[in-house]
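Secondary and tertiary structure notes
Take a look at the letters that make up each chain.
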Amino acid sequence: MSGSQTLITVAPTGAETAKADAPTLPVTLDELVATAVAAESAGAALVHVHIRDADAKPTLDPTRLRDTVVALREATTLVVQLSTGGSVHDPFEDRLAVLDAEPDSCSLTCGTVNFGGDVFLNPWPFMVELYVRTQERQIVPEFELFDLGHVTALNRLLAKYGEPYGGQVHCDLVMGVPGGMPGTAAALVAAVAELPAGASWSATGVGRSTLPVALAALSAGGHLRVGMEDTLTFAPGEPVRDNTQLVERAATLAHLALRPPMSTAQARTLLNVKDRRGEEAA
Ligand code: KMH
Ligand code: ZN
């Protein structure tokens with residue numbers, strides 16, 4: 001599936017880090033839009049979005065989500081992907097309602113996983129409900145795979161409920177979460193071997209597994225996800241400056257691999273996202 005170019009996803013915020021602990025974490029809409037603009041210039045083609053409330057706490061507020069999608073579409077040509085994972089504390093109904101904001105894409109995690117001292121809940125009935133809604137709403141799901149068993153659940157989902165909207169199965173291996181699969185080349189190869197034929201995939205290494213996972217992904221034909229949702233340390237003892245620094249490093253790696261960053265137009269074609277640009281005013 002490799003293709004000749006690399007889709008770089010930026011995941012700028014996440015739900016776990018406090019602004020006080022990472023001052024350049026984008027938590028306001030203005031900060032998020034500025035981050036997205038810079039990320040697009042640096043080579044990103046997709047933005048994976050978590051938002052914060054007025055107190056910089058994670059939220060799935062429907063109005064804020066919709067405003068965020070509109071603002072990102074106005075300021076960039078990035079594929080806009082909303083997180084349906086939210087934080088480990090978000091109720092299922094709120095996570096399902098994320099689709100009302102009409103993003104191009106949404107995350108869909110294929111199973112429950114221990115998440116440090118918490119549990120990230122994704123039971124089968126929730127997965128099914130979310131998947132069917134993506135098909136009805138014509139939103140491209142990105143299947144988040146935190147563990148090898150999640151790949152099994154993905155294959156089961158596709159077998160029972162058919163292909164995703166757009167027809168392209170696109171996955172992200174989220175590796176190195178305390179409780180999920182390790183961020184190693186061996187784990188990446190094992191997971192990729194079980195993906196459905198023709199699937200495209202990126203990989204994310206959390207924390208210190210960022211670089212090993214990125215290098216393994218490039219060598220195995222995969223795409224890259226980077227950002228402050230996953231990585232706050234650029235090198236031992238050196239905090240990440242900002243999201244742009246991580247996207248620039250990913251772009252450099254992609255160029256070194258002779259698989260340069262994909263444009264946003266190419267990403268839209270790869271994922272077959274519905275063109276919703278221009279619909280916002282309604
Ligand atoms: N914040 C994690 C509990 C997703 O965005 O879909 C879930 C997460 C996955 O980040
Ligand atoms: Zn996320």
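Throughout what follows, the structure given in this document is the object of discussion.

Conventions adopted
- Residues numbered from 1 in each chain as written.
- Chains lettered and ligands numbered in written order.
- Predicted model: local features only at pLDDT ≥ 70, side-chain atom pairs only at ≥ 80, totals over all residues.
- Heavy atoms only, no water.
- Salt bridge = Lys/Arg side-chain N within 4 Å of Asp/Glu carboxyl O.
- Helix = DSSP H or I, 4+ residues; strand = E, 2+ residues; numbered from the N terminus.
- Buried < 20%, exposed > 50% of the residue type's maximum accessible area, 1.4 Å probe, protein only.
- Near = heavy atom within 4 Å.
- Polar contact = N/O pair within 3.5 Å; in protein donor to acceptor, adjacent residues only side chain to side chain.
- Areas by Shrake-Rupley, 256 points an atom, 1.4 Å probe, with all protein chains shown as cover.
- Nonpolar A, V, L, I, M, F, W, Y, C, P; charged D, E, K, R; others polar.
- Core = buried A, V, L, I, M, F, W, Y, C linked by side-chain atoms within 4.5 Å.
- Contact = heavy atoms within 4.5 Å.
- Phe/Tyr/Trp six-rings, centres within 6.5 Å; stacked < 30°, edge-to-face > 60°.
- Lys NZ or Arg CZ within 6 Å of the ring centre and 35° of its normal.
- Pairing = 2+ DSSP bridges.
- Axes fitted to C-alpha atoms, helices over the stretch in contact; angles between N-to-C directions.
- Arc of directions from axis to C-beta.
- Left-handed = near helix turned anticlockwise from the far one by under 90°.

In total, this model carries 12 salt bridges according to the counting rule given. With a closest N to O distance of 2.8 Å, Asp 100 and Arg 137 form a salt bridge. Here Arg 137 lies in helix H4 (residues 124-137) and Asp 100 lies in the loop between helix H3 (92-96) and strand S6 (105-109), a separation of 37 residues in the sequence. On the basis of relative accessible area, Arg 137 is assigned to the partly exposed category, the value being 34%. Here Arg 133 and Glu 129 are joined by a salt bridge, their closest N and O atoms 2.8 Å apart. Of this pair, Arg 133 and Glu 129 both sit in helix H4, separated by four residues, roughly a single helical turn. On the basis of relative accessible area, Glu 129 is assigned to the partly exposed category, the value being 35%. Because the salt bridges share partners, they merge into one network encompassing Glu 144, Asp 172, Arg 225, Glu 229 and Asp 230.

Before going further, it helps to spend a moment on the site of ligand 1. Taken together, the residues surrounding ligand 1 are Glu 16, His 48, His 50, Ser 83, Gly 85, Gly 86, Val 88, Ser 107, Thr 109, Phe 115, Phe 120 and Glu 229. In the environment of ligand 1, an oxygen atom lies 3.0 Å from a nitrogen or oxygen atom belonging to the side chain of His 50. Gly 86 places a main-chain nitrogen or oxygen 2.8 Å from a nitrogen atom of ligand 1. Alone, ligand 1 offers 300 Å² of accessible surface; in the complex the protein occludes 97% of this. A per-class count over the shell around ligand 1 returns three nonpolar, seven polar and two charged.

Membership of the largest hydrophobic core comes to 70 residues, with the highest contact counts inside it found for Phe 143, Leu 173 and Leu 188. In contact with Leu 173, not counting residues within four places along its chain, are Leu 145, Met 181, Leu 188, Ala 191, Val 192, Trp 201, Ser 202, Ala 203 and Thr 204. Judged by nonpolar contacts, the second largest core, of nine residues, contains Val 140, Met 262, Ala 267 and Val 273.

Another aspect to go through is the packing of aromatic side chains. Taken as a whole and judged by the stated rule, the model has five aromatic pairs. Here Phe 115 and Phe 120 contribute two aromatic rings whose centre-to-centre distance is 6.0 Å and whose plane-to-plane angle is 65°, an arrangement assigned as edge-to-face. Taking relative accessible area as the criterion, Phe 120 reaches 7% and is therefore assigned buried. Ring centres of Phe 120 and Phe 146 lie 5.7 Å apart, and the angle between their planes is 70°; on these two criteria the pair is classed as edge-to-face. With a gap of 26 residues between them, Phe 120 in strand S8 (residues 118-120) and Phe 146 in the loop between strand S9 (140-145) and helix H5 (148-161) connect regions that are remote in the sequence. Here the aromatic residues Phe 115, Phe 120 and Phe 146 are joined through ring pairs into a cluster of three or more. A cation over an aromatic ring shows up here: Arg 156 above the ring of Trp 124, its NZ or CZ 4.0 Å from the ring centre. Directly above the aromatic system of Phe 234 lies the positively charged group of Arg 249, at a separation of 4.0 Å from the ring centroid.

With that out of the way, let us pick up the sheet that holds strand S1 (residues 8-10). Two strands in a sheet stick together by hydrogen bonds in their backbones, pointing the same way (parallel) or opposite ways (antiparallel). Read around the closed barrel, the eight strands follow the order S1-S2-S5-S6-S9-S10-S11-S12; overall the barrel is parallel. Each strand axis lies, on average, 30° off the axis of its neighbour in the sheet, ignoring direction. The strands touched by helix H8 (residues 243-256) are S1 and strand S12 (223-226); relative to S1, the strand with the most contacts, the crossing angle is about 170°. Against the sheet, helix H9 (residues 264-271) touches strand S2 (46-49), strand S5 (79-82), S9, strand S10 (170-175), strand S11 (200-205) and S12, its axis set at about 60° to S5.

Listing the buried residues of H9 in full gives Thr 264, Ala 267, Arg 268 and Leu 271. Taken around the axis of H9, the buried residues stretch over an arc of 100°, which confines them to a single face. Among the structural elements, helix H1 (29-42), S2, S5, S9 and S10 are those in contact with the buried residues of H9. Two residues or fewer past H9, Asn 272 is found with a positive phi of approximately 55°.

Our next topic: helix H6 (residues 185-193). Along H6, the residues that are buried comprise Ala 187, Leu 188 and Ala 191. For H6, the arc enclosing every buried residue in end-on projection is 100°, short of the 170-degree limit, so these residues lie on one face. Of the exposed residues in H6, the ones pointing more than 90 degrees away from its buried face are Ala 186, Val 189 and Ala 193. Each element contacted by the buried residues of H6 is listed here: H5, S10, S11 and helix H7 (210-219).

Helix H2 (residues 62-75) packs onto H1 with a crossing angle of 35° between their chain directions and a minimal axis gap of 10 Å. When you trace H1 past H2, the crossing you get is right-handed. Of the residues in H2, those touching H1 at Leu 29, Leu 32, Val 33, Ala 36 and Val 37 are Asp 67, Thr 68, Ala 71, Leu 72 and Ala 75. By residue class, the composition of the contact of H1 with H2 is eight nonpolar, one polar and one charged.

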